[in-house]
Amino acid sequence: RQLVFSGVQPTGNLHLGNYLGAIRKFVALQESHDCIYCVVDLHSITAQLVHEDLAGQTRSITAAFLAAGIDPKKHIVFNQARVPQHAELAWIFNCVARIGWMNRMTQFKDKAGKDRENASLGLLAYPSLMAADILVYRATHVPVGEDQKQHLELTRDIAQKFNNDFSHRIAELGLGVEMQMGDEVVNGFFPITEPLIGGAATRVMSLRDGSKKMSKSDPSDLSRINLTDDADTISKKIKKAKTDPEALPGEVDGLLGRPEADNLVGIYAGLADTTREAVLKEFGGQQFSTFKPALADLAVEKLAPIAAEMRRLMADPAHIDAVLKDGGERAGAIAEQTMYSVRDIIGLLQS
Ligand code: AQP
């Protein structure tokens, strides 16, 4: 059985990077997999503890999930804090993972900045909670943007260390499952999760600086296209996006060393669900003054219906809360089954 899990933090307005890197893939995977999609509210307090409207942000991300086309009846949509087994397994993984593994995480280094001693312990342990989010459902596949690749490698390391450290107990209790690891078939309790990072827009960059990723927390709103931006705002932001003076190249190699051009071509390809090659076949040799309006039209065409549906859903917060409650109950039942086994494997008394 293949099970997909992924999460999004309620830390601000969702942007085009979140959409192309993650949410659009969440929607596509529903056809072929059982999917669990989570608003990871416990993660959102790692970098900043006090939020003005955490509940409202949580509803807004949920509305974006639903507006983009996630079906909460066929699959599961919920917020992390409703299922305490995530935090319970994260504690166990804090004891499996090594401090050195956490110290090497580039997201921790970026977010903690220079004053590392003052970062929250939760920010350091963020990847443990992320591993718990995924493995409490024994999920096999995780769709994410490129920036989460390192965290997923750590999730695999945690699963592997747990499976190795407790291999005798897992076998004794008959809780192991066989899984393919490269050419080898191994036996373990937790799957070695596969990241799903693919397509033309796995790392969407800031519209103001081609070396920085598009991010919710960038102080410049012009750096990103929010899922809730109206048509005029989208067009204005694309018009103002930083570029170079050259025309678009005819071949992908010609984008090397041109990060802003590469980013806009990648965004077009992502939105049109095609490749950079195909976009350059159409626009190669043309100036940005021609390409940008075409990109703006495409972005509006794809994003405006989502924004409209989000607004409609946000007008009925009780409906969103009911979706999250129902999803939380179904997620909690699966998570408790896993935790019951994990407590047994470790030898924690529970009967
Ligand atoms: N720029 C991006 N390009 C492609 N994918 C992206 N993702 C985030 N930024 C990009 C993917 O979106 C999913 C949800 O991200 P998140 O909210 O959990 O955390 P994040 O990566 O920290 O997102 P932000 O927008 O950059 O937030 P802040 O500013 O708060 O740090 C993930 O799958 C992520 O890969």
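Residues numbered from 1 in each chain as written. Predicted model: local features only at pLDDT ≥ 70, side-chain atom pairs only at ≥ 80, totals over all residues.

1. Remarks on the overall build of the protein chain
Scanning the protein chain from N- to C-terminus turns up 14 helices and seven strands. What you see for the protein chain is a C-alpha radius of gyration of 21 Å, in line with the 20 Å of a compact globule of 351 residues. Counting only C-alpha atoms, the protein chain reaches 70 × 45 × 45 Å along its principal axes. Here the protein chain, with 351 residues, has 42% of them falling under the buried criterion. Within the protein chain, contacts between residues separated by at least 24 positions form 77% of all contacts whose residues are at least 6 apart in sequence. (Helix = DSSP H or I, 4+ residues; strand = E, 2+ residues; numbered from the N terminus. Rg over C-alpha atoms; globule rule 2.2 N^0.38 Å. Buried ≥ 20, exposed ≤ 12 C-beta atoms within 10 Å, placed from the backbone. Contact = placed C-beta atoms within 7 Å.)

2. So, the site of the ligand
Close to the ligand lie 19 residues; Gly-17, Gly-21, Gly-145, Ser-215 and Ser-217 are nearest. Tallying contributions element by element places helix H1 (residues 16-29) first for the shell around the ligand, with four residues. Each residue belonging to the shell around the ligand can be placed in one class, and the counts come to five nonpolar, 10 polar and four charged. (Near = placed C-beta within 6 Å. Nonpolar A, V, L, I, M, F, W, Y, C, P; charged D, E, K, R; others polar.)

3. Considerations on the pairing of strand E1 (residues 3-8)
Within E1, five of the six residues are buried, which leaves the element mostly enclosed by the surrounding structure. Pairing of E1 with strand E2 (residues 34-39) involves six bridges; the strand directions are parallel. The residue bridging Gly-7 from the neighbouring strand is Cys-38, located in E2. With H1 bridging E1 and its parallel neighbour E2, the resulting β-α-β unit is right-handed. (Pairing = 2+ DSSP bridges. Right-handed = clockwise from strand over helix to strand, strands pointing away.)

4. Observations concerning the confidence of the model for the protein chain
When pLDDT is averaged across the protein chain, the result is 96; 100% of the residues are at 70 or more. Interface confidence for the predicted complex, given as ipTM, is 0.95, next to a pTM of 0.95. (pLDDT = per-residue confidence, 0-100.)

5. Observations concerning the pairing of strand E6 (residues 184-188)
One ladder, built from five bridges, connects strand E5 (residues 177-181) with E6; its direction is antiparallel. In the strand pairing of E6, Glu-178 is matched with Asn-187. Connecting the antiparallel pair E5 and E6 is a turn made up of two residues, with Gly-182 showing a positive phi of about 65 degrees.

6. Thoughts on helix H11 (residues 259-272)
Taking 1.5 Å of rise per residue, the 14 residues of H11 would be expected to cover 20 Å, and the 20 Å separating its terminal C-alpha atoms lies within 8% of that figure. Buried within H11 we find Glu-260, Ala-261, Asn-263, Leu-264, Val-265, Gly-266, Ile-267, Tyr-268, Ala-269, Gly-270 and Leu-271. Each element contacted by the buried residues of H11 is listed here: H1, helix H12 (276-283) and helix H13 (288-314). Backbone geometry just after H11 places Asp-273 at a positive phi near 55 degrees. (Expected span 1.5 Å × (residues − 1).)

7. Observations concerning unusual backbone geometry
The phi torsion at Arg-138 lies on the positive side, around 50 degrees, for a residue other than glycine. Turning to its location among the elements, Arg-138 is positioned in the loop between helix H7 (121-135) and strand E4 (141-143). Looking at Arg-138, the number of C-beta atoms within 10 Å reads 20, which means it is buried. The backbone phi angle of Asp-273 is positive, close to 55 degrees, even though this residue is not glycine. By secondary structure assignment, the location of Asp-273 is in the loop between H11 and H12.

8. Some words on the domain arrangement of the protein chain
Assigned domains within the protein chain: domain 1 (3-196 + 317-346) and domain 2 (221-313). For domain 1 versus domain 2, the distance between C-alpha centres works out to 30 Å. The set of elements that each furnish at least two residues to the side of domain 1 that touches domain 2 consists of H1 and helix H3 (54-68). Among the elements that make up the side of domain 1 that touches domain 2, the one with the highest residue count is H3 (five residues). Considering only residue class, the side of domain 1 that touches domain 2 consists of 10 nonpolar, two polar and no charged. (Domains from an automatic or database assignment.)

9. Remarks on the nonpolar core
If you look at the biggest cluster of nonpolar residues, it comprises 96 residues, and the most contacted ones within it are Ile-36, Ala-64, Phe-65 and Ala-299. Sorting elements by how many residues they give to this core places H13 first, with 10 residues. Each of domain 1 (3-196 + 317-346) and domain 2 (221-313) gives at least three residues to this core. Other than its neighbours up to four places away in sequence, Phe-65 contacts Ile-23, Tyr-37, Ile-70 and Val-77. (Core = buried A, V, L, I, M, F, W, Y, C linked by C-beta atoms within 7 Å.)

10. Some details on H12
Within H12, the full set of buried residues consists of Val-279, Leu-280 and Phe-283. Buried positions in H12, seen along its axis, are confined to an arc of 95 degrees and lie on one side of it. Buried positions along H12 lie against H11 and H13. A positive backbone phi angle near 90 degrees is found at Gly-285, which sits one or two residues after H12. (Arc of directions from axis to C-beta.)

11. A word on the environment of Lys-161
With respect to the secondary-structure elements, Lys-161 resides in helix H8 (residues 149-165). Taking the number of C-beta atoms within 10 Å as the measure of exposure, Lys-161 has 16 and is therefore partly exposed. For the pair Lys-161 and Ala-97, spaced 64 residues apart in the sequence, the C-alpha separation amounts to 8.1 Å.

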